[in-house]
Amino acid sequence: MKIGFIGCGNMASAMIGGILKKGIVKKEEIIVSNLTEAGSRRSREKLGVETTMDNRQVVTQAEIVFLAVKPQFYEEVLTEIKDLLTEKHILVGIAPGKTLKWLEDTCGCPVKTVRLMPNTPAQVGAGMTAGCCNDRVTEEEAQKIREIAESFGRFEFIPERLMDAFSAVCGCSPAYVFMFIEAMADAAVAQGLPRSQAYSFAAQAVMGSAKMVLETGRHPAELKDMVCSPAGSTIEGVRILEDKGMRSAVFEALTGAAEKGKRL
Ligand SMILES: NC(=O)c1ccc[n+]([C@@H]2O[C@H](COP(=O)([O-])OP(=O)(O)OC[C@H]3O[C@@H](n4cnc5c(N)ncnc54)[C@H](OP(=O)(O)O)[C@@H]3O)[C@@H](O)[C@H]2O)c1
């Protein structure tokens with residue numbers, strides 16, 4: 001089964017990296033399109049896959065077609081390719097706000113449609129992706145989609161009505177976590193640590209903490225309490241974070257991102 005990507009920038013490259021690494025298909029079985037010759041060259045050199053600047057060629061050759069252009073180009077690209085879509089194609093949208101119904105209506109024909117929301121940690125095989133399918137997608141095809149998405153991290157199917165919430169928690173949140181790491185590193189530098197070490201120390205602490213949540217199955221509050229000794233330095237930091245409204249700021253940021261996602 002050949003896999004195609006219309007648009008091969010950051011996200012498509014991360015996904016293809018996982019697909020090739022896990023051997024889901026060989027590189028000869030992937031075709032990607034870009035807008036520019038420079039983009040095509042970049043995809044060929046980085047991924048070794050077949051490239052074209054003709055989006056229609058992707059649809060004629062591939063059965064699973066990922067739409068990996070920016071959301072504002074979705075309509076233009078679908079208009080360009082829709083007459084080539086058949087009942088054997090699976091069209092996969094990865095843009096926020098582009099619902100299964102929007103994809104189907106824009107194609108104007110009964111097409112198997114999947115919506116996936118990956119995140120940038122997919123670039124290092126640690127993505128968290130959620131997805132949903134329309135009812136034309138068979139169980140076997142859904143499993144293929146799962147296999148593809150698991151090649152670049154974790155994956156779960158969720159009801160479509162939860163995709164905007166998921167996008168905020170997983171699609172957007174890496175940006176907030178990077179801000180947190182940056183702020184931690186700045187504070188570390190202020191305390192005298194060299195900047196080169198400050199980022200990796202902060203990042204490793206965040207990664208280790210996340211791993212504890214995932215692997216111990218314990219509640220984050222319990223894990224937090226384990227770090228806070230009575231009258232110690234950690235609980236003093238907790239007091240300051242509560243005073244500065246850290247929880248509320250995170251709550252508001254994710255709510256704002258989810259609401260904005262619904263309007264895209
Ligand atoms: N980044 C994220 O965290 C994230 C997370 C989830 C979903 N997404 C979604 O993933 C999609 C891609 O995002 P990205 O960050 O990978 O974007 P990107 O790095 O800017 O890549 C966009 C790609 O689309 C190509 N392109 C533009 N117009 C095209 C056209 N008309 N026909 C064919 N190719 C075209 C570009 O080609 P050239 O290089 O030749 O210009 C480039 O390869 C977006 O819809 C985004 O919402 C992103």
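Computed from a prediction, not measured in an experiment: that's the story for all the values here.

The next thing to look at is the site of the ligand. With respect to spatial proximity, 24 residues lie near the ligand, and among them Met-11, Asn-34, Thr-36, Arg-42 and Val-69 are the closest. Contact between the ligand and Leu-35: an oxygen atom at 3.1 Å from a main-chain N or O atom of the residue. Across the complex, the protein chains shield 82% of the 910 Å² of accessible surface that the ligand would expose by itself. If you list the elements that add at least two residues to the shell around the ligand, you get α1 (10-21), α2 (37-47) and α4 (74-81).

This next bit is on the side chain of His-89. Position of His-89 among the secondary structure elements: in the loop between α4 and β5 (90-93). Polar side-chain contacts of His-89 include one of 2.7 Å to the backbone oxygen of Val-59. Each residue touching His-89, except ones within four places of it in the same chain, is listed here: Val-59, Ala-62, Glu-63, Val-65, Leu-84, Val-111 and Lys-112.

Glancing now at the pairing of strand β2 (residues 30-33). The side-chain alternation of β2 yields two buried faces, one formed by Ile-30 and Val-32 and the other by Ile-31 and Ser-33. Relative to β2, strand β1 (residues 3-6) runs parallel, the two sharing four bridges. When the sheet's bridge partners are listed, Ile-6 is paired in β2 with Ser-33. Viewed along the sheet, the connection from β1 through α1 into β2 turns out right-handed. After leaving β2, the chain enters α2 and then returns to the sheet as strand β3 (residues 50-52), a path that is right-handed.

Another aspect to go through is the UniProt feature "domain: Pyrroline-5-carboxylate reductase catalytic N-terminal" (unreviewed entry) in the chain. Within the UniProt annotation, "domain: Pyrroline-5-carboxylate reductase catalytic N-terminal" (unreviewed entry) is assigned to residues 2-94. Helix makes up 41% of residues 2-94 and strand 20%, and the two end C-alpha atoms of the span are 18 Å apart.

Right, let's talk about the environment of Lys-21 for a bit. Checked against the element boundaries, Lys-21 lands in helix α1. For Lys-21, a relative accessible area of 76% corresponds to the exposed category. With 131 residues separating them along the chain, Lys-21 and Phe-152 place their C-alpha atoms 8.8 Å apart.

Before going further, it helps to spend a moment on the UniProt feature "domain: Pyrroline-5-carboxylate reductase dimerisation" (unreviewed entry) in the chain. In this numbering, the UniProt entry assigns the feature "domain: Pyrroline-5-carboxylate reductase dimerisation" (unreviewed entry) to residues 160-263. End C-alpha to end C-alpha, residues 160-263 measures 15 Å, and it is 84% helix and 0% strand.

The N-to-C vectors of helix α7 (residues 163-190) and helix α11 (residues 246-263) enclose an angle of 130 degrees; their axes lie 9 Å apart at closest approach. With respect to α11, the axis of α7 lies oblique. Crossing angle aside, the handedness with which α7 passes α11 is right-handed. Side by side, α7 and α11 meet where Asp-164, Ala-165, Ala-168, Val-169, Cys-172, Tyr-176 and Phe-180 of the first sit next to Met-246, Ala-253, Leu-254, Ala-257, Ala-258, Gly-261 and Lys-262 of the second. Per-class residue counts for the contact of α7 with α11 are 11 nonpolar, one polar and two charged.

In this model, helix α8 (residues 195-216) (22 residues) spans 31 Å end to end at C-alpha, consistent with the 32 Å of a helix rising 1.5 Å per residue. After α8 finishes, the residue Gly-217 shows a positive phi value of roughly 70 degrees.

Linking two cysteines covalently through their sulfur atoms gives a disulfide. In this structure the tally under the stated criterion is zero disulfides. Here Cys-107 stays unpaired: no disulfide links it, and the sulfur of Cys-109, its closest cysteine neighbor, is 5.2 Å away. In this structure Cys-133 is not part of a disulfide, and its nearest cysteine sulfur, from Cys-132, lies 6.9 Å away. On the basis of relative accessible area, Cys-133 is assigned to the partly exposed category, the value being 24%.

Criteria and thresholds
Residues numbered from 1 in each chain as written. Predicted model: local features only at pLDDT ≥ 70, side-chain atom pairs only at ≥ 80, totals over all residues. Heavy atoms only, no water. Near = heavy atom within 4 Å. Polar contact = N/O pair within 3.5 Å; in protein donor to acceptor, adjacent residues only side chain to side chain. Areas by Shrake-Rupley, 256 points an atom, 1.4 Å probe, with all protein chains shown as cover. Helix = DSSP H or I, 4+ residues; strand = E, 2+ residues; numbered from the N terminus. Contact = heavy atoms within 4.5 Å. Buried < 20%, exposed > 50% of the residue type's maximum accessible area, 1.4 Å probe, protein only. Pairing = 2+ DSSP bridges. Right-handed = clockwise from strand over helix to strand, strands pointing away. UniProt positions renumbered as here; feature names shortened; annotations may be inferred. Axes fitted to C-alpha atoms, helices over the stretch in contact; angles between N-to-C directions. Parallel < 35°, antiparallel > 145°, perpendicular 65-115°, else oblique. Left-handed = near helix turned anticlockwise from the far one by under 90°. Nonpolar A, V, L, I, M, F, W, Y, C, P; charged D, E, K, R; others polar. Expected span 1.5 Å × (residues − 1). Disulfide = S-S within 2.5 Å.

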